[in-house]
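Chains, contacts and geometry: an overview
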Amino acid sequence: MIVLVGFMGAGKTTVGHLLAERLGLPFVDSDLVIESRTGRSVREIFAADGEPAFRALEHQIIAELLRGPDAVLAFGGGGVEHPDTQDCLRGSQVIYLRVGYDEAMLRVSHDEYRPLLRAPNLQAIFERRLSVYENVATHVVPTDGRRPEAICLDIIERLVQVPSAPAGTTSVLVSCMGGTYNVHVGAGLLADLDRLLPPLPHARTAVLLAAAPDRPAVTVAQAALRRRGLDVRPIEVPDRQQAKDLGTIAQVAGALADLAIHKDDLIVGIGGEVVGDIAGFLASTYNRGMPLVLLPTTLAAQADAAVGGKASLNLPQGRNLLGTVHQP
């Protein structure tokens, strides 16, 4: 769970939408959830029930949202002041978007829907909350004078830690719509697959899709995945253009169903461009989307099929007419 906190005008909603798109997660605004549940605006709740009643309701809904499913979650400016909410934040990545008081006022001065904006002691409220934001934050990101896109990339670089890789390895962070991931380039990296994988706390099984000529690579990858505690199931797929079709997808999907593969399990494609497309298409559609790792063994797959998340299939009428985009 990634939580954005900060004073009004910090950019939690704008940055939150960008961040959710880049990480492939839903975006949730706690204030909008409150308004949807109650059928009243935050301003109306403040006016009719008072701030203490609103804060109690806010905590109740935030505590529920923090239990999942995973999302980028933006709090209202005072959402972190409730002590029980601070306890609930343990275990989440809490991003404090730090904004100066003067800049915050410039950004929100004409927003009539913010109930605290006309409070006579607004600057005192701002100063009181600063220490709370600092205390709950796992990352503090300044926002004054910065574009939302730059703030979003700053957050991603803090969240996506590059694993420890062997000397001579180049690791590139790819951040695009639908997902963020690292591309690792180097010699002999198959043996280090267990160290290079991101955390997969819910994965139990790894399905290795590969063609017969890549069996030596499968053996190395299989040993690395087992070191991560995964049950590894190799499935052989053809590595020729004629096999990149719906018939192959149906056959392999049936094998996944026989293995009772869960949506949190891992699909690993080892091979050339065709195998990468088959693995990517399956990962994007089976269980409505699964984690995907691509280990390209040809130059075409390294330069094209393994980066960008695109996966395509052929039809009798032509090549690459069906496709998906599913980031590894």
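As shown above, the structure is provided for reference.
Residues numbered from 1 in each chain as written. Predicted model: local features only at pLDDT ≥ 70, side-chain atom pairs only at ≥ 80, totals over all residues. Heavy atoms only, no water.

**Here we look at unusual backbone geometry**
Trans peptide bonds make up the majority, and among non-glycine residues the majority have a negative phi. Using the following cut-off: We count a stretch as a helix when DSSP gives it H or I for four or more residues in a row; a strand needs E for two or more, and each element gets its number in order from the N terminus.
Note the cis peptide between Gly-68 and Pro-69, where omega equals 5°. Secondary-structure assignment places Pro-69 in the loop between α4 (51–66) and β3 (72–74). A positive phi angle is found at Asn-287, which is not glycine, with a value near 60°. Take Asn-287: it is sitting in the loop between α12 (273–285) and β11 (292–296). Phi is positive for Arg-288, which is not a glycine, with a value near 60°. For Arg-288, the location among the structural elements is in the loop between α12 and β11.

**Thoughts on the packing of helix α3 (residues 42–49) against α4**
As a reminder of what qualifies: Simply put, an axis is a line fit to the C-alpha atoms, just over the touching stretch for a helix, and the angle between two N-to-C directions goes from 0 to 180 degrees. Orientation labels follow simple angle bins: below 35 degrees gives roughly parallel, above 145 gives roughly antiparallel, 65 to 115 gives roughly perpendicular, and whatever is left gives oblique. Contact between two residues is taken to exist if any of their heavy atoms lie within 4.5 Å; hydrogens are not considered. Amino acids are sorted into nonpolar (Ala, Val, Leu, Ile, Met, Phe, Trp, Tyr, Cys and Pro), charged (Asp, Glu, Lys and Arg) and polar (every other residue, Gly among them).
Where α3 contacts α4, the two axes come as close as 7 Å, and the packing angle between them is 130°. As summarised for this structure, α3 and α4 are arranged oblique, according to the angle between their axes. Of the residues in α4, those in contact with Val-42, Ile-45, Phe-46 and Asp-49 of α3 are Glu-51, Ala-53, Phe-54, Arg-55 and Leu-57. Of the residues belonging to the contact of α3 with α4, the class tally is 6 nonpolar, no polar and 3 charged.

**Describing the packing of helix α11 (residues 246–258) against α12**
How we decide: By the definition used in this description, the sense in which the near helix is turned from the far one sets the handedness, with an anticlockwise turn below a right angle giving left-handed and a clockwise turn giving right-handed.
At a closest axis distance of 11 Å, the pairing of α11 and α12 adopts a crossing angle of 60°. It follows that α11 is oblique to α12 by the angle criterion. In this structure, α11 crosses over α12, and the sense of that crossing is right-handed. Every residue of α12 that contacts α11 at Thr-248, Ile-249, Val-252, Ala-253 and Leu-256 is listed here: Ile-278, Phe-281 and Leu-282. Taken together, the residues of the contact of α11 with α12 sort by class into 7 nonpolar, 1 polar and no charged.

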